[in-house]
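So you can see what is in the structure, the chains are spelled out below.
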Amino acid sequence: MTNGPRDGDGPGAGIPAVSSAILAMSRHLEVRDVLKTIVASARELLDAEYAALGVPDDHGGFAQFVVDGVSEEQWKAIGPLPRQHGVLAAMLHNATPERLADVRTDPRFGGWPAAHPDMSDFIGMPVADGDEILGALFLANKRCPKPEGGCGFTAEDERLLGILAQHAAIALTNARLYERSRELTIAGERARLAHELHDAVAQKLFSLRLTAQAATALVDRDPARAKGELQQVAALAAEAADELRAAVVELRPAALDEDGLVATLRSQAQVLDRAHHARVTFEARGVRALPASQEEALLRVAQEALHNALRHARADRVEVTLVRRGQGALLRVADDGRGFDTRAVRRAGRHLGLVSMRDRASGVGGRLTVESEPGKGTAVEMEVPGG
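Residues numbered from 1 in each chain as written. Predicted model: local features only at pLDDT ≥ 70, side-chain atom pairs only at ≥ 80, totals over all residues. Heavy atoms only, no water.

### Comments concerning the overall build of the protein
Short version of the rule: Secondary structure elements follow DSSP: runs of H or I of four or more residues count as helices, runs of E of two or more count as strands, with numbering from the N terminus. The cut-offs for exposure are 20% and 50% of the maximum accessible area for each residue type, with area from a 1.4 Å probe on protein chains only; residues under the lower value are buried, those over the upper are exposed, and the others partly exposed. The criterion used for residue contact is that any of the two residues' heavy atoms lie within 4.5 Å. Exposure was quantified through the Shrake-Rupley algorithm and a 1.4 Å probe, taking into account, for residues, occlusion by the shown protein chains and nothing else.
Of regular secondary structure, the protein possesses 10 helices and 10 strands. Every one of the 387 residues in the protein was classed for burial, and the buried ones make up 43%. A separation threshold of at least 6 residues defines the contact pool for the protein, and within that pool the share at least 24 residues apart is 64%. Working note: accessible area of the protein is about 20100 Å², and carbon and sulfur atoms make up 51% of it.

### Description of the sheet that holds strand 2 (residues 62-68)
Put simply, the rule reads: Should DSSP find at least two bridges between two strands, the strands are regarded as paired. Where helices are involved, their axes are fitted lines through C-alpha atoms of the stretch in contact, as for all axes, and angles between N-to-C directions lie from 0 to 180°.
Strand order across the open sheet formed by 5 strands is 2-1-5-4-3, with antiparallel pairing between neighbours. Edge positions in the open sheet fall to strand 2 and strand 3 (98-100), since each of these has one partner strand only. Between one strand and the next, the sheet's axes are offset by a mean angle of 15 degrees, whatever the strand orientation. Where strand 4 (residues 122-129) and strand 5 (residues 132-142) come together, 8 bridges link them in antiparallel fashion. When the sheet's bridge partners are listed, Pro 126 is paired in strand 5 with Ala 136. Helix 2 (residues 31-46) contacts strand 1 (48-56), strand 2, strand 4 and strand 5 of the sheet and is inclined by roughly 40 degrees relative to strand 2. Sheet contacts for helix 4 (residues 86-94): strand 1, strand 2, strand 3, strand 4 and strand 5; angle to strand 5, the most-contacted strand, approximately 140 degrees.

### A short note on the pattern of salt bridges
Spelled out, the test is: Criterion for a salt bridge: a side-chain nitrogen of Lys or Arg within 4 Å of a carboxyl oxygen of Asp or Glu.
Applying the stated criterion across every chain yields a total of 19 salt bridges. With a shortest N-O distance of 2.8 Å, Glu 156 and Arg 159 are connected by a salt bridge. Here Glu 156 and its partner Arg 159 are both found in helix 5 (residues 155-218), 3 residues apart, which amounts to about one turn of the helix. One salt bridge in this structure joins Lys 376 and Glu 373, with 3.7 Å as the shortest N-O distance. With a relative accessible area of 65%, Lys 376 lands in the exposed category. In this structure Glu 373 comes out as partly exposed when scored by relative accessible area, which is 43%.

### Structural notes on the environment of Leu 236
Along the chain, Leu 236 falls in helix 6 (residues 223-251). On a C-alpha basis, the gap between Leu 236 and Arg 209 in space is 9.8 Å, while along the polypeptide they are 27 residues apart.

### Comments concerning the environment of Glu 383
Examined against the element boundaries, Glu 383 turns out to sit in strand 10 (residues 378-384). Residue classification places Glu 383 among the buried positions, given a relative accessible area of 19%. Along the primary structure Glu 383 and Val 323 are separated by 60 residues, whereas in three dimensions their C-alpha atoms are 9.6 Å apart. The contact partners of Glu 383, leaving out residues within four places of it in the chain, are Arg 325, Ala 329, Leu 330, Gly 366 and Arg 367.

### Quick word on the pairing of strand 7 (residues 317-325)
Short version of the rule: Orient the strands so they point away from the viewer, and a crossover whose first-strand-to-second-strand path over the helix runs clockwise is right-handed.
One ladder, built from 7 bridges, connects strand 6 (residues 279-285) with strand 7; its direction is parallel. Each residue of the ladder has a partner; that of Thr 281, found in strand 7, is Glu 319. Handedness of the strand 6-helix 8 (residues 292-311)-strand 7 crossover: left-handed. Taken together, the 8 bridges between strand 7 and strand 8 (residues 328-335) define a ladder with antiparallel strand orientation. Note that in strand 8 the partner of Val 320 across the bridge is Val 333.

### A closer look at the sheet that holds strand 9 (residues 367-372)
Backbone hydrogen bonds hold the strands of a sheet together, and the pairing may be parallel or antiparallel. Spatially, 6-7-8-10-9 is the arrangement adopted by the 5 strands of the open sheet, whose pairing is mixed. Two strands in the sheet have a free side with no partner beyond their single neighbour: strand 6 and strand 9. Ignoring strand direction, the axes of neighbouring strands in this sheet form an average angle of 10 degrees.

### What about the packing of aromatic side chains?
Each aromatic ring pair is summarised here by two numbers: the centre-to-centre distance and the angle between the ring planes. Condition: What counts as a ring pair is set by centres within 6.5 Å for rings of Phe, Tyr and Trp (its six-membered ring), and what kind of pair is set by the plane angle: stacked under 30 degrees, edge-to-face over 60, tilted for all other angles.
Per the stated rule, a full pass over the model turns up 4 aromatic pairs. Ring geometry for Phe 65 and Trp 75: centres 5.9 Å apart, planes at 5 degrees, overall stacked. You can see Phe 65 sitting in strand 2 and its partner Trp 75 sitting in helix 3 (residues 72-78), a full 10 residues away along the chain. In this structure Phe 65 comes out as buried when scored by relative accessible area, which is 9%. Through a chain of ring-to-ring contacts, the aromatic side chains of Phe 65, Trp 75, Phe 122 and Phe 138 assemble into a single cluster.

### Quick notes on unusual backbone geometry
Unlike most non-glycine residues, Asp 47 shows phi in positive territory, near 50 degrees. Relative to the assigned elements, Asp 47 resides in the loop between helix 2 and strand 1. Its identity as a non-glycine residue notwithstanding, Arg 314 has a phi of 55 degrees, on the positive side. By the element assignment, Arg 314 lies in the loop between helix 8 and strand 7.

### Some details on helix 8
We apply this condition: One less than the residue count of a helix, multiplied by 1.5 Å, gives the span that helix is expected to have.
End to end, helix 8 covers 28 Å across 20 residues, agreeing with the expected 28 Å (1.5 Å per residue, within 8%). Within helix 8, 18 of the 20 residues are buried, which leaves the element mostly enclosed by the surrounding structure.

### So, the confidence of the model for the protein
Definition in use: Per-residue confidence from the predictor is reported as pLDDT, which spans 0 to 100.
Summarising the model, the protein shows a mean pLDDT of 80, and 81% of its residues fall at 70 or more. The least confident element of the protein is helix 9 (residues 345-352), whose mean pLDDT is 48; the most confident is strand 8, at 96. Under a pLDDT of 50 for its full length, residues 1-13 has, in the predicted model, 27 contacts with residues more than four places off or in other chains. With pLDDT under 50 throughout, residues 346-351 is counted as low confidence; its partners more than four residues away or in other chains account for 5 contacts.

Next up, the structure:
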């Protein structure tokens, strides 16, 4: 059931609000962040009590389902994600908008769980990229007086939601491309780390073998020297074990989505503290959740700085701190190692990954500074703006 336009539905009404919503969507690169922004923007734009966006999977359900207007406790009480049925299925399969005076009286309505909020007037819009349906965006319970037997959502609402859905498809497609690009980048980094692991451990094992052979030759004629060579064997074996442990930490996918940035950094610092002779500590103060892209950039810069401190700087102590700075955060990784001459930045930058770290910082609107002097340690700081 679709209602015609009501009086007051001007052709330019709501365009500034749509523009604001589009700008909000364009600020995010992570799929989850884009989905949340689309739903919140749609609900505000149409002044609805509830809004949701479902991204279908290939098994009759939803790969992702984002809601706005429902508390976390209520959402948990509702239970499992809905299946593709009823009006939702119609939007996904027919790629047509729906505007209903009362969704509960529609023949396709199949009911909802006991904890589900009560909904009446309803508007839904497919989010499509060409022939591909990316998702279904729908809203319920417009906060306005309803015409007798009619829908609170108007033809103008449908038009504005259609514009929003078109731009939502672009934002969602861009976010997917970004995440795919990031996956390829991470895969490249893992390949680089595997190559470094092979070179470092192969070199240690080669030295280990030569030293063991020397010890074997000296056992009979020079036991004292043989003892020294065997001590060197033990030291080389310990170094090889350290290399392996550190590489495993770097190759393991970071649990940012599940644990958050603070817990992930704390866990990595604890593992590195056990794996190396250097003391590695972590402290966080007042940090709040950041956009996913900024959290990942902070994590990668911290890993690179830790790598430098533990592998190249010969540090005895490394301190990692993460503190709130305005709406964003400031990361600092400081060591007491041998340091380097920052004036020789081209050579040192390539060797220590400073170019990569600066690219990561600028890529999320942040900034990176490095302070170091020969014999006086190094401090790497990265600040991000938050969201």
